[in-house]
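Take a look at the letters that make up each chain.
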Amino acid sequence: MMSSDKARFLAEFGDDYGYPKGPKSIDQIRDTEFKRLNGTVYLDHAGATLYSELQMEAVFRDLTSNLYGNPHSRSDSSMATANIIGECRQKVLDYFNASAKEYKCIFTSGATAALKLVGETFPWSSQSCLTYTMDNHNSVIGLREYALNHDASVSAIELEETVDHALPSKNRPSIKISQHPLLGRKGTKLWEKDFTGNAFHLFAFPSECNFSGAKFSLDLVRTVKEQSEGNFGDLPFRKGRWFVLIDAAKGCTTDPPDLSKFPADFVVMSFYKLFGYPTGLGALLVRSEATKLMKKTYFSGGTVAASIADMDYVKYRDTAEELFEDGTASFLSIVSIRHGFNLLNTLTVSAISRHIASLAMYLRRTLLGLKHETGARACVLYGGSSVSSKMGSIISFNLKRSDGSWIGYHEVEKLASLSGIQLRTGCFCNPGACARYLGLSHLELLSNNEAGHVCWDDNDIINGKPTGAVRVSFGYMSTFEDAKTFVDFIVNSFVSIPSLGRHGERLEKCSRSVVGIGDGCTDTELQLRFITVYPIKSCAGFSVDHWPLSDTGLLYDREWLLKSHGGEILTQKKVPDLSLIKTYIDLNSGVLMVESPRCSGKLKINLESEYCPHQRETMDLNAQRFDVDSCTEDIDGWFSKAIAQPCMLLRCSSSKYCLNNMGSARVCRDVESSLSFVNEAQFLLISEASLSDLNTRSYKWKGTTSSFSNKIPSQPCYIWREAI
């Protein structure tokens, strides 16, 4: 029986969702072509969409039934391969509605390689200017290295579409440009340049922002090429001949640029973004006129008509495809794209676009409407409103708690993974859009980097501000059930709703030096089952009924760790034998006792005397700076034997700092107390109800509360309503 939520969705989007006029419904597609998705919600199609099982069966039949030879040979099989590659080029051109007379399709290893090819061959000069929008992928921004190395100028701009109501409706949209400071290599006098009409310039923009999903108007192509003063105002590099590059890697999945209407000079794309397979293959579409200006330096097999080994002589091939495809093309991958295009043509790009748009609009609207019981919004979306018609398949956002503090994207990603939901977090290699939407200044970006934050890491909140976002994206095989499951996950995990089991804040208000079983604030139902303390990070802990508190959390908790002689912090993921090391602290005698099956007898470490403060050093871990003390050689030798590799035991002396851009220390993550060697927080409270729910979701793993590096298992409590 259909749920009421889906009935309401279909009432609004039923004409667009699920391919109602196609050969198969979306449910049939999922049942027959994506059986491997059973139990998994895949929402990272902007990263890589999924290949169809029927598509791969067709590829397999093709490769096992036909003989494909190197297209640089002249045998029958090689000639047949070359002909099929020619057919594949035409399929790519057809997808972008590009004339084979006006455009050339050059196969590359992906969109990034296509961009690199443009950077290497573009006719840069000291009079040139590379201009790109801020919402560009790093692979586009990287073009500036070629420009700057030729003493060219680089300008990053932001675009805003405006409407002049005094003009006829068809002429109303215009573009407002905000320019960032002009860039140049040290010593280049940018403002003394005389930009002549003979210079070649390059303007680059994405058809769809891979951070926010915002779509750019393809009218930019003609706007830039025409270079009217009304569009570009007083920019000093207005003169000259402009070429336009479109990064269509993301946008072409639902809205490929129509090159008959928007004649860009360069378009880059990757095939795995379209239909999942093959990876490692992309294309650069180039206007025939532009290929005549591209400067080839390196030559290789297949790109030359003749060369002499001991003489400075080389004659290049005539056609652009032969000239710029170095070495043997990935011909087996190229012939495989036919089956991907057959799949897209069966559904039609317009139907795919409408299907995905219905899911994206539903999810944006739903996330925007989420509120905590206090009335505070739970979700901040980036890039546009739910009713925007200029948004693609991406929904990028961050979550807030009811008190207005941010929830780190890494926390969302971890819980999503446990719930069988695959998504992406971070800045998605789009630093300009990330900084703009998150409101991060240059100083903050530099400070975060100096503090240890790098792309793809877990440092999601620094100084109270997000360093990235959560991104979900839909593909042609996505379903309403995928979107609804994700909404339910967000609501159940992160949105506070009225309930009787929310006792976390009461626990925080307790002012105690010791916490123990039976303790609690006035009139609370929360009961502690036991407390687990882990003195040495990644080693086994011990359970107690009560334990002293300190400014780092539980006294002595994760106050030690093991480090290799090469400087690597040792964890159970890297050294599973750490789990065999058992620990216990006797507070009365002031001794940490450690035992291992590899060592005879227990190791006793005096909590006050058996370390060497004169060997104190600093260490950075999890974007925190720690002062650490070394232990004696005998202790290091015992642990080296216990894990069968040389290591040293370090003790945390103090920490609550991270590095800023000046190399000095300052408080990180808005914590008022110090941290020991914990990953994220001093305490982890988990209820038996939450553990039971986690076991239900994690079909490959069944855990107990002792499986966690946590502190305070408790009962009773509503699932996922614990507070730290």
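Numbering of residues begins from 1 in every chain and follows the order in which that chain's sequence is written. In keeping with the predicted nature of the model, local features appear solely for residues at pLDDT of at least 70, side-chain atom pairs appear and are counted solely at 80 or more, and the whole-chain, interface and lining totals rest on all residues. The basis for the side-chain values is all heavy atoms of the structure; hydrogens and waters are excluded.

### What to know about the overall build of the protein
Numbered from the N terminus, helices here are DSSP runs of H or I no shorter than four residues, and strands are runs of E no shorter than two. Check the secondary structure of the protein and you find 21 helices and 35 strands. When the 724 residues of the protein are sorted by exposure, 50% land in the buried category. For this analysis, residues touch if any pair of their heavy atoms sits within 4.5 Å. Relative to all contacts within the protein whose residues are 6 or more apart in sequence, the contacts with residues 24 or more apart total 67%. Computed by Shrake-Rupley with a 1.4 Å probe, the accessible areas treat only the displayed protein chains as cover when residues are assessed. If you sum the accessible surface of the protein, you get close to 33500 Å²; carbon and sulfur atoms cover 50% of it. Type-normalised accessible area, obtained with a 1.4 Å probe on protein chains alone, sets the label of each residue: buried when under 20%, exposed when over 50%, and partly exposed for intermediate values.

### Focus on the pattern of salt bridges
For side chains bearing opposite charge, pairing can occur when the charged atoms are close. Salt bridges are identified by distance alone: a Lys or Arg side-chain nitrogen within 4 Å of an Asp or Glu carboxyl oxygen. Evaluated as defined, the whole model comprises 31 salt bridges. A salt bridge links Arg287 to Glu289; the nearest nitrogen and oxygen atoms lie 3.9 Å apart. Given the relative accessible area of 41%, Glu289 is considered partly exposed. Look at the salt bridges and you will find they share partners, linking Lys225, Arg241, Asp265, Arg287 and Glu289 into a network.

### Regarding the layout of surface pockets
By volume, the second largest pocket amounts to about 1000 Å³. Method remark: on a 1 Å grid restricted to protein atoms, a set of points is classed as a cavity if a 1.4 Å probe fits but cannot get out and as a pocket if it is open with protein on both sides within 12 Å along at least five of seven lines; lining residues have an atom within 4 Å of a point. Lining the second largest pocket are 33 residues, and of these Pro431, Gly432, Ala435, His442 and Leu445 sit closest to its centre. Elements that contribute at least two residues to the lining of the second largest pocket include exactly helix H6 (138–141), strand E4 (153–163), helix H16 (431–438) and helix H17 (442–450). Ten residues, namely Ala, Val, Leu, Ile, Met, Phe, Trp, Tyr, Cys and Pro, are considered nonpolar, four, namely Asp, Glu, Lys and Arg, are considered charged, and the remaining ones, Gly among them, are considered polar. Partitioned by chemical class, the residues of the lining of the second largest pocket number 19 nonpolar, 11 polar and three charged. Grid points are joined across faces, edges and corners, and a volume is the space filled by probe spheres set on the points.

### Focus on the packing of aromatic side chains
Pairing of aromatic rings covers Phe, Tyr and Trp, the last counted by its six-membered ring, and requires centre-to-centre distances within 6.5 Å; plane angles under 30 degrees mean stacked, over 60 mean edge-to-face, and any other angle means tilted. All chains considered together, the criterion is met by 31 aromatic pairs. Each ring, one from Phe9 and one from Phe13, has its centre 5.1 Å from the other, and the planes form 40 degrees; the classification is tilted. Taken together, the positions of Phe9 and Phe13, both in helix H1 (residues 4–13) and four residues apart, correspond to about one turn of that helix. No difference in accessibility class separates Phe9 from Phe13, as the two residues are buried.

### Details of empty space enclosed by the protein
This model, assessed by the stated rule, comprises two cavities of 30 Å³ or more. Volume-wise, the largest cavity comes out at about 110 Å³. Lining the largest cavity are 15 residues, with Thr49, Thr253, Lys273, Leu274 and Ile356 sitting closest to its centre. Mapped by element, the contributors of at least two residues to the lining of the largest cavity are helix H10 (272–275) and helix H14 (349–368). By residue class, the composition of the lining of the largest cavity is seven nonpolar, six polar and two charged.

### Observations concerning the nonpolar core
What is meant by a nonpolar core is a set of buried Ala, Val, Leu, Ile, Met, Phe, Trp, Tyr and Cys residues, joined one to another through side-chain atoms within 4.5 Å. In this structure, Val92, Phe96, Phe107, Phe271, Phe397 and Phe486 are the most contacted members of the largest nonpolar core, which totals 101 residues. The contact partners of Phe271, leaving out residues within four places of it in the chain, are Val92, Phe107, Gly276, Pro278, Leu281, Gly282, Ala283, Ile337 and Phe341. Counting residues in each nonpolar core, the second largest holds 33 residues, with Ala111, Ala147, Leu148 and Phe243 among its members.

### Some thoughts on the sheet that holds strand E27 (residues 582–586)
Within the open sheet, the three strands sit side by side as E27-E28-E29. Their pairing is antiparallel. With one partner strand each, in any of the chains shown, E27 and strand E29 (603–606) form the two edges of the open sheet. Here the average twist between neighbouring strands, direction ignored, is 20 degrees. Where E27 and strand E28 (residues 591–595) come together, five bridges link them in antiparallel fashion. When the sheet's bridge partners are listed, Thr583 is paired in E28 with Val594. Axis lines are fitted to C-alpha atoms, over the contacting stretch for helices. Their N-to-C directions set the angle, which ranges from 0 to 180 degrees. Relative to the sheet, helix H20 (residues 633–643) contacts E28 and E29, its axis offset from that of E29 by approximately 145 degrees. Two strands pair if DSSP finds at least two bridges between them.

### Some points on the confidence of the model for the protein
For residues with low pLDDT, the predicted coordinates do not support detailed interpretation. The predicted model of the protein has a mean per-residue pLDDT of 85, with 81% of residues at 70 or higher. The pLDDT score gives, residue by residue, the confidence of the prediction method on a 0 to 100 scale. Low confidence marks residues 500–511, where pLDDT is under 50. Its contacts with residues over four positions away, or in another chain, come to 23 contacts. Segment residues 656–673: pLDDT under 50, and 50 contacts once partners within four positions in sequence are set aside and those in other chains are kept.

### Quick word on the state of the cysteines
When two cysteine sulfur atoms lie within 2.5 Å, the pair is treated as a disulfide. Summed over all chains, the structure comprises one disulfide. The disulfide partner of Cys427 is Cys434, and the S-S distance across this bridge is 1.9 Å. Note on Cys455: no disulfide assigned, nearest cysteine sulfur contributed by Cys429 at a separation of 6.0 Å. Here Cys647 is not disulfide-linked; the sulfur of Cys539 is the nearest cysteine sulfur, at 9.1 Å.

### Side note on unusual backbone geometry
Of note, the amide linkage connecting Tyr277 to Pro278 takes the cis form, showing an omega dihedral of 5 degrees. For Pro278, the location among the structural elements is in the loop between H10 and strand E9 (282–287). With phi around 70 degrees, Tyr556 is a residue other than glycine that occupies positive phi space. Among the structural elements, Tyr556 can be located in the loop between strand E25 (553–554) and strand E26 (560–564). The residue Arg558 is not glycine, and still its phi comes out positive at about 45 degrees. Mapped onto the elements, Arg558 comes out in the loop between E25 and E26.

### Examining helix H4 (residues 76–95)
With 20 residues, H4 should reach 28 Å at 1.5 Å per residue; the first-to-last C-alpha distance of 29 Å fits that figure. Residues Ser77, Ser78, Thr81, Ile84, Ile85, Cys88, Arg89, Val92, Leu93 and Tyr95 constitute the buried set of H4. One or two steps after H4, the chain reaches Asn97, where phi turns positive at roughly 50 degrees. Expected span, for any helix, means 1.5 Å times one less than how many residues it has.

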